[in-house]
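This is what each chain is made of:
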Amino acid sequence: MQLIFVGAILHVGLGAIYALLGLFIGVVMGSAQTTEEMGVDILIYVGGGLGSLTFAVGTLGAYCASATKSRMMAAWKVEYLKAVLRQDSAWYDVNRGQELAGRMGEAMVKIEKALGLAPFNALTPLANIPTALIIAFVMSPKLAGVGLAVSLLVAVPASLTVGYLVISKAKANSEAYAHAGGEVSEALGAVRTVAAFGLERLKIDKYSHA
């Protein structure tokens, strides 16, 4: 829990650093007297200082997420091996043999989704957007208002379009999976029928001569 908390805070802070990057570049460009001096200042302050800070925060945040995920997966695997070695044989009276491995695989997938980098990266906008808005309205309120209005006009239709596409494609995928599942069930039924009547050699000979 401590690693999850630290990783979440670091990724939120990373969003604030991204927003400050533009401000630092603007300040450096405005204070430089010549183009050469501006390039040197950007290389030192932005590339060296802020870049190093971004790298350190991002790396440490990614480590916290990765370490948490790896530790939880390792703990589940240890408990899985213990359960297999100490398993009650009566468990198979009410469950199928492959269910245990299936549930274990499902748990690994859930841990990967919950503690991977994607959920932590999703926290970055929590500080990035407010920090960028504060900087924008403090530095140039009129220009920031115009940009915000334009972005809303673009973002709302884009969000509606993306939402419609996601829903329609999800429906198409579910229908395709249902159709594929029916085909697989039919194929498995045919395989079981062939195996039940011992017709493997007959089918092999039939298709080898075709």
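Nothing here was measured: the structure is a model prediction, and the numbers come from that model.

Engineer: How should the overall build of the protein chain be read in this particular structure?
Structural biologist: Summing up its helical and strand segments, the protein chain has eight helices and zero strands in all. Helices and strands appear in the protein chain in the N-to-C order α-α-α-α-α-α-α-α. Counting every position in the protein chain, which comprises 210 residues, the buried fraction comes to 17%. Restricting to contacts in the protein chain with at least 6 residues of sequence separation, those with at least 24 account for 74%.

Engineer: Whenever I open this one, the confidence of the model for the protein chain confuses me. Can you help?
Structural biologist: Residues at a pLDDT of 70 or more form 69% of the protein chain, whose mean pLDDT is 75. Taken element by element, the protein chain is modelled with least confidence in helix α3 (residues 91-94), mean pLDDT 65, and with most confidence in helix α5 (residues 117-121), mean pLDDT 81.

Engineer: How should I be thinking about the nonpolar core in this particular structure?
Structural biologist: Most often, soluble globular proteins keep nonpolar side chains buried together rather than apart. By size, the foremost hydrophobic cluster in this structure holds six residues: Leu10, Leu14, Ile17, Leu50, Val57 and Cys64. Elements represented by at least two residues in this core include exactly α1 (2-31) and α2 (35-85). If near-sequence neighbours (up to four positions away) are discounted, Leu14 is found in contact with Thr54, Val57, Gly58 and Thr124. Listed in part, the five residues of the second largest apolar core include Met73, Met104, Met108 and Ile111.

Engineer: Can you walk me through helix α6 (residues 125-139) in this structure?
Structural biologist: Structurally, the α-helix is built with 3.6 residues per turn, so residues lying three or four positions apart point the same way. An ideal rise of 1.5 Å per residue puts 21 Å on 15 residues; α6 measures up with 20 Å between its terminal C-alpha atoms. Within the sequence span of α6, burial applies to Ala127, Thr131 and Ile135. For α6, the angular spread of the buried residues around the axis is 50 degrees, confining them to a single face.

Engineer: Mind showing me how you'd approach a nonpolar patch on the surface here?
Structural biologist: Together, Phe5, Val6 and Ile9 make up a nonpolar patch on the protein surface, roughly 300 Å² of accessible area in all. Looking at where Ile9 falls in the secondary structure, it is placed in helix α1. Accessibility expressed as a relative area gives 48% for Ile9, which makes it partly exposed.

Engineer: Can you walk me through the environment of Ala101 in this structure?
Structural biologist: Counting through the fold element by element, Ala101 comes out in helix α4 (residues 99-115). Placed 21 residues apart in sequence, Ala101 and Tyr80 show a C-alpha to C-alpha distance of 8.9 Å.

Engineer: Hey, could you run me through the side chain of His11 in this one?
Structural biologist: Inspection of the secondary structure assignment puts His11 in helix α1. Apart from the residues lying within four places of it in its own chain, the contact partners of His11 are Gly61, Ala62, Phe120, Asn121, Leu123 and Thr124.

Definitions and cut-offs
Residues numbered from 1 in each chain as written. Predicted model: local features only at pLDDT ≥ 70, side-chain atom pairs only at ≥ 80, totals over all residues. Heavy atoms only, no water. Helix = DSSP H or I, 4+ residues; strand = E, 2+ residues; numbered from the N terminus. Buried < 20%, exposed > 50% of the residue type's maximum accessible area, 1.4 Å probe, protein only. Contact = heavy atoms within 4.5 Å. pLDDT = per-residue confidence, 0-100. Core = buried A, V, L, I, M, F, W, Y, C linked by side-chain atoms within 4.5 Å. Expected span 1.5 Å × (residues − 1). Arc of directions from axis to C-beta. Patch = residues over 30% accessible without salt bridge, like charges linked within 9 Å, V, L, I, M, F, W, Y side chains within 5 Å. Areas by Shrake-Rupley, 256 points an atom, 1.4 Å probe, with all protein chains shown as cover. Salt bridge = Lys/Arg side-chain N within 4 Å of Asp/Glu carboxyl O.

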